[in-house]
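Inside the fold
Now for the letters of each chain:
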Amino acid sequence: MKNKVHVPPIKIQGIKTKLVEQISDAADIDENTTWIEPFMGSGVVGFNIAPCNAIFADTNPHVINFYNAIKDGTITSMAVREFLETEGKKLASLDDEYYYTVRDRFNKDHNPLDFLFLNRSCFNGMIRFNKSYNFNVPYGHKPERFAKAYVTKIVNQVAWLEKQFPHNNWIFKCQSFGETINEANGDAFVYCDPPYIGRHVDYYDSWNEEQERELHDALVSSNAKFMLSTWDESKYRKNEYIDLVWSDCYKINKEHFYFVGAKESNRNSMKEALLMNYDPAEIIEKNGDKEQQTVINF
Ligand SMILES: C[S@@+](CC[C@H](N)C(=O)[O-])C[C@H]1O[C@@H](n2cnc3c(N)ncnc32)[C@H](O)[C@@H]1O
C-alpha cells in the first residue's frame, strides 16, 4: 500500500495511523477476503485497506453508532459542517461551560454528533468512560477549536467515508471480540488490535491476561488467518505476554518514536509488534518494503 493514509473522523488512543502501511503490506488478503476487525476503534486500518467485504466491531457503542449513522445517511458531511459551525460558535463564546453542557447532553441522549464534538474538543482527543458508562474526559481548553479550517478538515474526513460506503459491503457491530471472531468463515482475515495489556484506560477498554488468552484461543480455533497488533518493548519494559501467550506466532517489529512533552530529550522509542499465524515473508516480498521489516519466527 503506497497511497496516502486517510485519517477517519473519530480519534482514539492507540490509533494505528502510522502502522497502516506495514499492516497492509503483511496482511494475507485478496479481493475475495472478508476483512474482520473485532477491535475497530477509529477504523483507520480497515478503512484504508478498503476491502470489499468487512465486519467492523467494537464494544464501544458510540463508535459503532457514529459509523452506522454515516453509513445510513443519518449523518452527512453537510450536517457535520452545520453542526460543528453552530456548536463551535457557542463553545467560542461560552468556553468550558458549553463543553460541559454538551458532555451532559451526550451522556443523556448519546447523539453521535455530540460524540464527534466531544472527541475533538476534549482533553488530548481521548475517549474515556467511567463505570456508569458516562463520557468523563475534561475540556481541552481550546474555545476556538472549531475554527473554519479545522471544521473543513473533519468534514472532509466524513466525506471520504461517505464515498467509500456505497462501493463496499461494510457492516458495523457493537459486540465483544468472541462474537466477531465466531463470524469468521473460510475467506476471512482477522486483524486484531485489542487494548494493550497492562494499560487499563476506561470501562469500554480494559484488558487482562484472561482476555489475552481467550483472544488467542478464539483466533486459533477460528482457523482463519489472523494478525494481532501489540507492543513489544519500550525503554522500560518488555511485553512478556508475547512469549507467554503468542509463542506459536510469527512476529514483525517496527520501532516508532513518541514524545512525552515537547522536549527532544523526552523522545522515547517503543517497539511495536505484529503477530500472525502464517509466514508473512512471501506476502511482504510481494507487497512491501522488505528493508523496513524483520520477520522473526520463534
Ligand atoms: C487499541 S483500540 C483499537 C485502535 C484501532 N486499531 C485504531 O487504529 O483506531 C482498542 C479498541 O478495542 C475496543 N475493545 C475493548 N475491549 C473490547 C472487547 N472485549 N471486544 C471488542 N472490542 C473491545 C475498545 O473500545 C477500543 O476501541
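Here is what the cut-offs are and how they apply
- Residues numbered from 1 in each chain as written.
- Predicted model: local features only at pLDDT ≥ 70, side-chain atom pairs only at ≥ 80, totals over all residues.
- Heavy atoms only, no water.
- Helix = DSSP H or I, 4+ residues; strand = E, 2+ residues; numbered from the N terminus.
- Buried < 20%, exposed > 50% of the residue type's maximum accessible area, 1.4 Å probe, protein only.
- Contact = heavy atoms within 4.5 Å.
- Salt bridge = Lys/Arg side-chain N within 4 Å of Asp/Glu carboxyl O.
- Core = buried A, V, L, I, M, F, W, Y, C linked by side-chain atoms within 4.5 Å.
- Domains from an automatic or database assignment.
- pLDDT = per-residue confidence, 0-100.
- Expected span 1.5 Å × (residues − 1).
- Axes fitted to C-alpha atoms, helices over the stretch in contact; angles between N-to-C directions.
- Parallel < 35°, antiparallel > 145°, perpendicular 65-115°, else oblique.
- Nonpolar A, V, L, I, M, F, W, Y, C, P; charged D, E, K, R; others polar.
- Left-handed = near helix turned anticlockwise from the far one by under 90°.

What follows covers the overall build of the protein. Within the protein, the secondary structure is distributed over 11 helices and eight strands. Within the span of the protein, comprising 298 residues, buried residues form 50% of the whole. Long-range pairs, those at least 24 residues apart, make up 69% of the contacts in the protein between residues at least 6 apart in sequence.

Applying the stated rule across the entire model yields 10 salt bridges. We note a salt bridge from Lys-251 to Asp-232, for which the minimum N-O separation is 3.1 Å. Highlighted residues: Lys-251 in strand S6 (residues 250-259) and Asp-232 in strand S5 (residues 225-234), separated in sequence by 19 residues. Residue class for Lys-251 comes out buried when judged on its relative accessible area of 11%.

By size, the foremost hydrophobic cluster in this structure holds 63 residues, and its most contacted members are Tyr-67 and Met-227. Considering each element in turn, this core owes the most residues, seven residues, to helix H7 (residues 148-164). Viewed by domain, this core spans two of them, domain 1 (17-59 + 175-297) and domain 2 (77-161), each represented by three or more residues. With sequence-adjacent residues up to four places away left out, Met-227 is seen in contact with Ile-23, Ala-26, Ala-27, Phe-189, Val-190, Tyr-191, Cys-192, Leu-274, Leu-275, Met-276 and Tyr-278.

This part takes up the confidence of the model for the protein. For the protein, the average pLDDT comes to 90, and 88% of its residues sit at 70 or higher. In the model, residues 290-298 has pLDDT below 50 throughout and makes 27 contacts with residues more than four positions away in sequence or in other chains.

To continue, consider helix H5 (residues 96-109). The end-to-end C-alpha distance of H5 is 20 Å, a good match for the 20 Å that 14 residues give at a rise of 1.5 Å each. Residues of H5 that are buried: Tyr-98, Tyr-99, Val-102, Arg-103, Phe-106 and Asn-107. Here the buried face of H5 lies against helix H3 (61-71), helix H4 (77-94) and helix H6 (112-121). Looking one or two residues past H5, His-110 carries a phi angle of roughly 60 degrees, positive in sign.

Leaving glycine out, the prevailing phi sign among residues is negative, and the prevailing peptide bond configuration is trans. The backbone of Tyr-133 sits at a positive phi, close to 60 degrees, despite the residue not being glycine. Notably, Asn-223 is not glycine yet its phi reads approximately 65 degrees, a positive angle. Here Asn-223 lies in the loop between helix H9 (209-222) and S5. Note on Asn-223: relative accessible area 72%, which makes it exposed.

Further remarks concern the packing of H4 against H5. Direction vectors running N to C along H4 and H5 enclose 130 degrees, while the axes themselves pass 6 Å from each other. Between H4 and H5, the crossing angle belongs to the class labelled oblique. Residues Phe-83, Glu-87, Lys-90, Leu-91 and Leu-94 of H4 touch H5, and the partners they reach there are Asp-96, Glu-97, Tyr-98, Tyr-99, Val-102 and Arg-105. Looking at the contact of H4 with H5, its residues break down into six nonpolar, no polar and five charged.

Turning our attention to the packing of H4 against H6. Interaxial distance between H4 and H6 falls to 11 Å at its minimum, and their mutual angle equals 55 degrees. When the axes of H4 and H6 are compared, the pair comes out oblique. Relative to H6, the crossing made by H4 is right-handed. Facing H4, whose interface residues are Val-80, Phe-83, Leu-84, Glu-87, Gly-88 and Leu-91, H6 presents Leu-113, Asp-114, Leu-116, Phe-117 and Ser-121. Here the residues of the contact of H4 with H6 are counted per class, giving seven nonpolar, two polar and two charged.

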